[in-house]
Structures are given as structure tokens and as C-alpha cells.
Amino acid sequence: MINTSYLRSGLTIAASLLASAVGIPALADGPADARVVLVPSSGPLVSLRLVFRVGSADDPKGKEGLAALTAAMVAQGGTKTLKYEEVLDRFFPIAAELNGNCLKEVSVFSGDVHKDNLGSYIPLATEMIASPRFAPEDFDRLREEALDHLTKTLRGDNDEALGKWTLQSALYENHPYGRPDEGLVAGLKAITLDDVKDFHRTHYTRDRLFLGLAGAANAETVKLIENGLSPLVRVSELQPTTIPPVGPPRGLEVTIVTKPAEATAISIGFPIDVTRTDDDFYALAVANSFLGEHRTFNGRLMQDLRGKRGLNYGDYSYIEDFIQEGQSTFPIPNNHRSRQYFSIWIRPVPTDKAVFALRAALWEVDRLIEKGMTPEEFEATRSFLLNYSKLWVQTLSRRLGYAIEGTLYGRKDLVTELADRLPKLTVDQVNAAVRRHLKPSGMKVAIVAGNAEELRGLLTSGKPSPIVYDTQGTPQEILDQDKLIEVFPLKDVSVRIVPVEQMFEK
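Since this is a predicted model, take the numbers as computed values, not measurements. (Residues numbered from 1 in each chain as written. Predicted model: local features only at pLDDT ≥ 70, side-chain atom pairs only at ≥ 80, totals over all residues. Heavy atoms only, no water.)

Novice: Even after reading the chapter, I still don't get a negative patch on the surface, so can you show me in this structure?
Specialist: A cluster of acidic residues, Glu-85, Glu-86, Asp-89, Glu-137, Asp-140, Glu-144 and Glu-145, forms a negative patch on the protein surface. Secondary structure elements with two or more residues in the negative patch: helix H3 (84-91) and helix H5 (136-157). With four residues, H5 is the largest single contributor of residues to the negative patch. Note on placement: Asp-140 falls in helix H5. (Patch = residues over 30% accessible without salt bridge, like charges linked within 9 Å, V, L, I, M, F, W, Y side chains within 5 Å. Areas by Shrake-Rupley, 256 points an atom, 1.4 Å probe, with all protein chains shown as cover. Salt bridge = Lys/Arg side-chain N within 4 Å of Asp/Glu carboxyl O. Lys, Arg positive; Asp, Glu negative; His and termini not counted. Charge placed at Lys NZ, Arg CZ, Asp CG, Glu CD. Helix = DSSP H or I, 4+ residues; strand = E, 2+ residues; numbered from the N terminus.)

Novice: What am I meant to see in the packing of helix H4 (residues 118-130) against helix H9 (residues 219-229) here?
Specialist: How two helices sit against one another is set out by the angle between their axes and by the gap between those axes. The geometry of H4 relative to H9 is characterised by a closest axis approach of 8 Å and an angle of 25° between their N-to-C directions. Here H4 lies roughly parallel to H9, going by the angle between them. Like other packed secondary-structure pairs, H4 and H9 cross with a definite hand, here right-handed. Contact residues: Leu-118, Gly-119, Ile-122, Pro-123, Thr-126, Ile-129 and Ala-130 in H4; Thr-221, Leu-224, Ile-225, Gly-228 and Leu-229 in H9. A class-by-class count of the residues in the contact of H4 with H9 yields eight nonpolar, four polar and no charged. (Axes fitted to C-alpha atoms, helices over the stretch in contact; angles between N-to-C directions. Parallel < 35°, antiparallel > 145°, perpendicular 65-115°, else oblique. Left-handed = near helix turned anticlockwise from the far one by under 90°. Contact = heavy atoms within 4.5 Å. Nonpolar A, V, L, I, M, F, W, Y, C, P; charged D, E, K, R; others polar.)

Novice: Is there a simple way to explain the nonpolar core in this structure?
Specialist: It is characteristic of soluble globular proteins that their nonpolar side chains tend to be buried jointly. Ranked by internal contacts, the top residues of the largest apolar core, which has 69 residues, are Ile-256, Ile-266, Ile-268, Phe-342, Trp-392, Ile-447 and Leu-459. In terms of residue count, helix H12 (residues 354-371) provides more of this core than any other element does, twelve residues in total. Discounting residues that sit within four places of it in the chain, Leu-459 has contacts with Val-254, Ile-256, Val-355, Leu-358, Ile-447, Leu-490, Val-493 and Val-495. Counting 68 residues, the second largest nonpolar core, distinct from the first, contains Leu-82, Leu-118, Leu-150 and Leu-229. (Core = buried A, V, L, I, M, F, W, Y, C linked by side-chain atoms within 4.5 Å. Buried < 20%, exposed > 50% of the residue type's maximum accessible area, 1.4 Å probe, protein only.)

Novice: Help me understand the environment of Phe-504 in this model?
Specialist: Its place among the elements puts Phe-504 in the segment after strand S12 (493-499). Distance from Phe-504 to Leu-154, taken between C-alpha atoms, is 9.3 Å for residues 350 residues apart in sequence. What Phe-504 contacts, discounting residues up to four positions off in sequence, is Leu-150, Leu-154, Arg-155, Leu-162, Trp-165, Thr-166, Ser-169, Pro-180, Leu-184 and Val-185.

Novice: Is there a simple way to think about helix H10 (residues 280-292) in this case?
Specialist: Each α-helix winds once per 3.6 residues, and so residues spaced three or four apart point in a common direction. For H10, with 13 residues, the first-to-last C-alpha span of 18 Å sits near the 18 Å given by 1.5 Å per residue. The element H10 is largely enclosed, with a buried count of 13 among its 13 residues. (Expected span 1.5 Å × (residues − 1).)

Novice: Sorry if this is basic, but what is going on with empty space enclosed by the protein here?
Specialist: Empty pockets left among the atoms are what a rolling probe the size of a water molecule brings to light. Per the counting criterion, the structure on display carries three cavities of 30 Å³ or more. Counted as a void, the largest cavity has a volume near 380 Å³. Forming the boundary of the largest cavity are 28 residues, of which Glu-320, Phe-322, Pro-331, Trp-392 and Leu-414 lie nearest the centre. Those elements that provide at least two residues to the lining of the largest cavity are H10, strand S9 (315-318), helix H13 (375-388), helix H14 (396-409) and helix H15 (414-421). Counted by class, the lining of the largest cavity contains 16 nonpolar, seven polar and five charged residues. (1 Å grid on protein atoms, 1.4 Å probe; cavity = no way out; pocket = protein on both sides within 12 Å on 5 of 7 lines; lining within 4 Å. Points joined across faces, edges and corners; volume = space filled by probe spheres on them.)

This is how it looks when you write it as C-alpha cells:
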């Protein structure tokens, strides 16, 4: 069972409501302040999540990266009384840590600890959040790490992530979402330590806080949290950042990032006006699982492009921003966004097959829109998703994260919403939702490739792009489909080529 309660009179009453939920009498009422999410669970572990409604969308213009750098200074910068190395020394014997992550609209801090170690863990973790050290040497270290991520990791070593951020930068040009969460090179270089201190003071406030506790919490846990977070300002002096909608693309707007590359990474997308607050989201979840459930062969993209053609490694689709949690196949929890987009991610494709792969993905989307799912496909996918989604909450921390997400969207957690709604859905409702939301006037495409000029010519020529298989024995049914795919129209194509050195610069 998940309990959610508005937090009143700051953390004092937050503690009282939380305490009430675990059987402790509540304290007095007061003005609304923040919100608590509690996930009771048997067992010896406790999960803690603190979600602040502040993210990279709140970066001031010219100082892009300030929100992420502030979150890094909190999670990896020590406290007023302890250097970060000393914090780690105290975490080590209790097998604990405090993770920090800045996303578009939230900054999330989380950790897990055995209940016997709460007395050591909570004061330390909350001091890191409420009273960070903000040492100059940590500022220099963490800002350099952020710059290295943009200029070395994204530009140099990770073409898949480069393609995904290029797509978002194109989708949300001149928009609070239109850059990596880590910021921009020029923005990071302009940030000062005083900027970080001021950003923390004005944005890490109790009215922006969603506090989550799961597991073996008790009254003493609540008291420890209350004491630890008491230095935080109660109400932010700033209004939350408004996230405006973006207009739809026209035609096929392609950005090619040119760099030395042996393969091609392709990302495709367009904005959608659906989030988990909308009923259609759950119908689209079924359609998306059918088209491209992440890292499974349930999706048609994966079955047809990789399974039947051996075209590449991974072919997935998404109806909301997707960030994989570590090496798992699951998304990170608490990536709440007011605006979403549909996307397809085609992982490394041989250079000579890139245009065919792009056409194949667009052909699959068009086939879904025009023909829809059959009743048999719908039943199979609904059954798969009902069962598969339960894996998303397989840990205490993930359960807590999804519970907080539900509160942010004004819904139950996603897995419970799917369990409630999918049995009542019909195939006609799913196909209608697909036609309403996945049939745009155009799409944005981001391609990372080493043959940019050649690709531009192929994309704008209108000529067929036949696939040549490296082996014999492809079934005739697939060869017949290939004839349709190789001439699938690429309408109103415009191409801009950007040298990788210019990506995320300013």
C-alpha cells in the first residue's frame, strides 16, 4: 500500500503525517508546504528519496549546467563539517551512499540503508542535502567532470547518447529542454561557485520537496529527517519554470552530426501532447510496447529490423523520455516531465544500410498508424505489458520512485495504473490513440555518421535505398517487404550538418 500526504507546517508536520502513517499520533496543522510519499514494507531495509522540483530546465540563460552542477556539489561535495572523502569513509562501514541526479524538471537524491544504520545514515545524508560544503576544490573538480562529459564522452565515446541528445536539442531548440542536463560548454565555464550557492538557497526549498520513505521507517527516522533538513528555506522566492509546448516539425528535418564513425546512430522523434496525466497515455503504452519495448523482442521494430534482417543491434520506441538505469533494461524512476515526445532509437547501423534502416523504422510506424494492431496482437501485447511492467518495481527504491512519480502526475504509480486500466482497454481505443497522437506533420531525425555529405545526398535524392544482405537465405516474404521499404517516401527532407566539435558548445 502506498500512502501520500500533503506536508503541512514544513517538515515538522511532514514528520507528523509520516509518523501517523506508521502509527504515531499526528501533530498540529499549518500552511501547506511539501508532500510526503510513504511505501510501507516489511524487511530490514529503508529507501530514502528526496525529489526537488528543480532541474536543468531551471538553468539561467548563459549558465546552462548550473542545476546539474549544484546537484553534483550536493551529492559529491561533502558537508560543512566533512570533506567528501570523509563522507565516503563514514558511508563505507554501513554499506550506504547518497546518489544525486539532475534531470529536466527534478533533482533526485536517493539511498538505501539497513534499518540498524539509520541513526548514522540519515543525519549524514540530510546534512549533505541541506548544508553542502561548497568547497572551491570540489567545484573545480565537478565542473571539469561536466565539461569532460560534454566534450569527451558525448562527442567522442558515446554516439548513441550523442544522437539522443542531438535529437532533443533539435526537438526543443531555444526551449528549456533543448540541451543535455549537464549543460553547455560555454554555460559551464561561466558558472561561479557563488552561482551554485545561490541556486541551492533559492531552489532547494521545502515547498519544492517531495520526500519519500520506504521500508522499515519509524518515528525516529522521521525525527532524524526533520532535524537534518531544517536548514532548508521553507518557501522558494522564485516561481517554478513554465515549460512551454513546441511546434510540430515540418517534413523530415534531419541533423547529421559529422565525426569519424564506423557505424551510424539514428534517433527519430516528434513532440506529443500526452503524459501520464492523460487517459490516452495508457493506450499508447500498449501500442509502444507492440512497436518497440526497450531491450525486448516483444517490439515489432526489434523483431523485423534485427531479428529478421540482422540489420543492427537494437531498435526501440518510446512515448516519454527514457533514461536507462545503469546496465538494467529499465528506465530510471522520477524522470518527471511536463512535456513529452515520441522517439525511435536505432542503435548502430552499418553505414551502407543507414538510409534503409531509417526508411524501415518510418515504414513500421506508418504501418502501425494505417493498419493498427489486430485483436490478436493487442491481446498478446496487453498480456506481455501487464506482466513485464511488474519488473519495473522489483526493488524497494524503485517502488518508492514510481510512487513519487504517481504523485507528481496526479495518478497512481505507473504499474498500478497499467494494472487497473489495461484490462478495460480495447484494441479500437489503442488504434484510435495511435492515429490521434502518432501521426505528425513531420519528424526530427538525428544521425551521427562519418559520411555526412553522402548521407545528405541519399536522403534528399528521393532515390531507392535497397538493402544488400551479407548472407543468403532471406525469406521471400522479407524480400518482398524490402521492396516496399526501399522506396518508402522521405517527404520534404531538409538536412543540416553539424561538426561534432560544435555540439553542445553554446
